[in-house]
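# Observations on the three-dimensional arrangement
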Amino acid sequence: MTAILLEGAVIAQHVYAQLKERIRRLRADGVQPGLAAILVGENSASRIYLKNKAQACNDIGVHSEVLRFPADCSEDTVFTTLEELNANPRIHGILVQLPLPKHLNSDRILQAIAPAKDVDGFNWVNLGAMVAGHTLLAPCTPLGVMTMLDYAKVPIEGRSAVVIGRSAIVGKPLALMLIARGATVTVCSSKTPDLKQYTSMAEILAVAVGRPGLVDGTMIKPGAVVIDVGINRLPGGKLVGDVDFESASRVASCITPVPGGVGRMTVAMLLENTVTAAERSVAASSK
Ligand code: NAP
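Keep in mind it's a predicted model, so treat the numbers as computed, not measured. (Residues numbered from 1 in each chain as written. Predicted model: local features only at pLDDT ≥ 70, side-chain atom pairs only at ≥ 80, totals over all residues. Heavy atoms only, no water.)

With that settled, the discussion passes to helix 5 (residues 124-131). Of the positions making up helix 5, those classed as buried are Asn-126, Leu-127, Ala-129 and Met-130. Along helix 5, the residues classed as buried sweep out an arc of 155 degrees about the axis, all on the same side. More than 90 degrees from the buried face of helix 5, the exposed residues found are Trp-124 and Val-131. Summarising the contacts, the buried residues of helix 5 are in contact with helix 7 (171-180). (Buried < 20%, exposed > 50% of the residue type's maximum accessible area, 1.4 Å probe, protein only. Helix = DSSP H or I, 4+ residues; strand = E, 2+ residues; numbered from the N terminus. Arc of directions from axis to C-beta. Contact = heavy atoms within 4.5 Å.)

With 54 residues, the main nonpolar core has Tyr-16, Leu-149, Leu-178, Ile-227 and Leu-271 as its most contacted residues. Looking at this core, the element that brings in the most residues is helix 10 (residues 262-285), giving nine residues. Beyond its immediate sequence surroundings of up to four residues, Leu-271 is in contact with Tyr-16, Leu-19, Ala-56, Cys-57 and Ile-60. Judged by nonpolar contacts, the second largest core, of 18 residues, contains Ala-3, Ile-220, Ala-248 and Ile-255. (Core = buried A, V, L, I, M, F, W, Y, C linked by side-chain atoms within 4.5 Å.)

For interface size, the figure often reported is the accessible area lost on association. Structurally, the chain comprises domain 1 (31-115) and domain 2 (140-263). Centre-to-centre separation of domain 1 and domain 2, based on C-alpha positions: 29 Å. (Domains from an automatic or database assignment.)

Next up on the list: the site of the ligand. Neighbouring the ligand are 21 residues, the closest being Arg-166, Ser-167, Ser-190, Ile-231 and Thr-266. In the environment of the ligand, an oxygen atom lies 2.6 Å from a nitrogen or oxygen atom belonging to the side chain of Ser-190. Residue Val-229 places a main-chain N or O atom 3.4 Å away from a nitrogen atom belonging to the ligand. Summarising the interface, the protein chains cover 71% of the accessible area of the ligand, which totals 930 Å² for the free molecule. No other element matches helix 10, which puts three residues into the shell around the ligand. Counted by class, the shell around the ligand contains 10 nonpolar, nine polar and two charged residues. (Near = heavy atom within 4 Å. Polar contact = N/O pair within 3.5 Å; in protein donor to acceptor, adjacent residues only side chain to side chain. Areas by Shrake-Rupley, 256 points an atom, 1.4 Å probe, with all protein chains shown as cover. Nonpolar A, V, L, I, M, F, W, Y, C, P; charged D, E, K, R; others polar.)

Here we take up the state of the cysteines. Inspection of the entire model under this criterion finds zero disulfides. There is no disulfide at Cys-57, and the cysteine sulfur nearest it, in Cys-140, is 11 Å away. Residue classification places Cys-57 among the buried residues on the basis of a relative accessible area of 0%. (Disulfide = S-S within 2.5 Å.)

An order of 1-11-8-7-5-6 is seen for the six strands of this open sheet, with the pairing classed as parallel. For this open sheet the edge positions go to strand 1 (4-5) and strand 6 (184-188), each flanked by a neighbour on one side alone. The pairing of strand 8 (residues 225-228) with strand 11 (residues 254-255) spans two bridges and is parallel. Paired with Val-225 across the strands is Cys-254, a residue of strand 11. Each of strand 5 (160-164), strand 6 and strand 7 (204-207) is contacted by helix 7, which is oriented at about 170 degrees to strand 5, the strand it contacts most. (Pairing = 2+ DSSP bridges. Axes fitted to C-alpha atoms, helices over the stretch in contact; angles between N-to-C directions.)

A separate point is helix 2 (residues 44-60). Taking 1.5 Å as the rise per residue, helix 2 with 17 residues should run 24 Å; its terminal C-alpha atoms sit 25 Å apart, in good agreement. Taken together, the buried positions of helix 2 are Ser-46, Leu-50, Lys-53, Ala-56, Cys-57 and Ile-60. End-on view of helix 2: buried residues confined to an arc of 120 degrees, all on one side of the axis. Across helix 2 from its buried face, at more than 90 degrees, point the exposed residues Ile-48, Lys-51 and Asn-58. (Expected span 1.5 Å × (residues − 1).)

Attention now moves to the sheet that holds strand 3 (residues 63-69). A sheet is described by the order of its strands in space; here three strands give the open sequence 3-2-4, paired in parallel fashion. Pairing within the sheet leaves two strands with one partner each, and these edge strands are strand 3 and strand 4 (93-96). Neighbour-to-neighbour, the strand axes of the sheet open up by a mean angle of 15 degrees, direction not taken into account. Here strand 2 (residues 34-40) pairs with strand 4 via four bridges, running parallel. Paired with Ile-38 across the two strands is Val-96, which belongs to strand 4. Along the sheet face, helix 2 touches strand 2, strand 3 and strand 4 and points at about 170 degrees away from the line of strand 2. The strands that helix 3 (residues 75-87) touches are strand 2, strand 3 and strand 4; relative to strand 2, the one it contacts most, it runs at about 180 degrees.

Quick look at the structure:
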């Protein structure tokens, strides 16, 4: 079997086309969705991520701004900025680019973003809503995975799904989203003995760990849908996922590549959340 490639770039373009239409309707009501990002310090990867996000905003007509602070800025400065952004009617989405310098408490800072503007979906209000079976603003990467599965018309209800990785921003929310759609979900972590025992039963296998080659073709059920969330840079500079693409793509029915897979969807979902937040603010102000 040669797996069908689930290309994030193609699926993201489909998402952007739908977003442009939603933005056109918002602008007819006099509203342009606005996204503000806070960047603390000089992390070059963060700068590149923010540049890509700003470019995507520009392409589809979302206003975007980046507020930059020196690496030694105080937590109070970040809190004051968040208060201003929370109250700014032109800004519908706020993100704090991670990682933050060590002296800043990421958890406390993320909780200071108004849940209605928390377009990364990291605020506990938004994460907690998912536990209760509601989605307000969901974390972008797992939301991107679900969008890819839906785009490829992968049946979810009644399927057995395995998620490797249990982080609060990828693995756990993805598991909750799959549960909400009626999959039977197993979550594996570094504490799981014999990963293969679980992966080989998965009809949908999502890997979000950060270890190149963690999963290979011998661990995959023939015909499974394989979603590789991992992003790893090898010593030579090559970017790879957590799944050994060559062996896995001979066994899976569908597979996401790295690069060009889930990563493209994460930015698209950030913009989708921003547009959703803007639509909700319009609906709330017309009540
Ligand atoms: P994280 O917070 O470091 O979590 C990694 C998870 O993997 C943990 O739950 C850990 O288990 C588990 N794990 C570690 N070693 C394992 C092993 N040998 N077997 C099974 N599980 C193992 O990372 P994250 O933020 O969730 O990100 C995961 C990966 O996705 C990274 O490569 C990251 O770069 C990538 N990522 C990609 C995107 C995208 O847009 N494509 C977005 C976000 C993240 P324990 O909990 O037991 O430690």
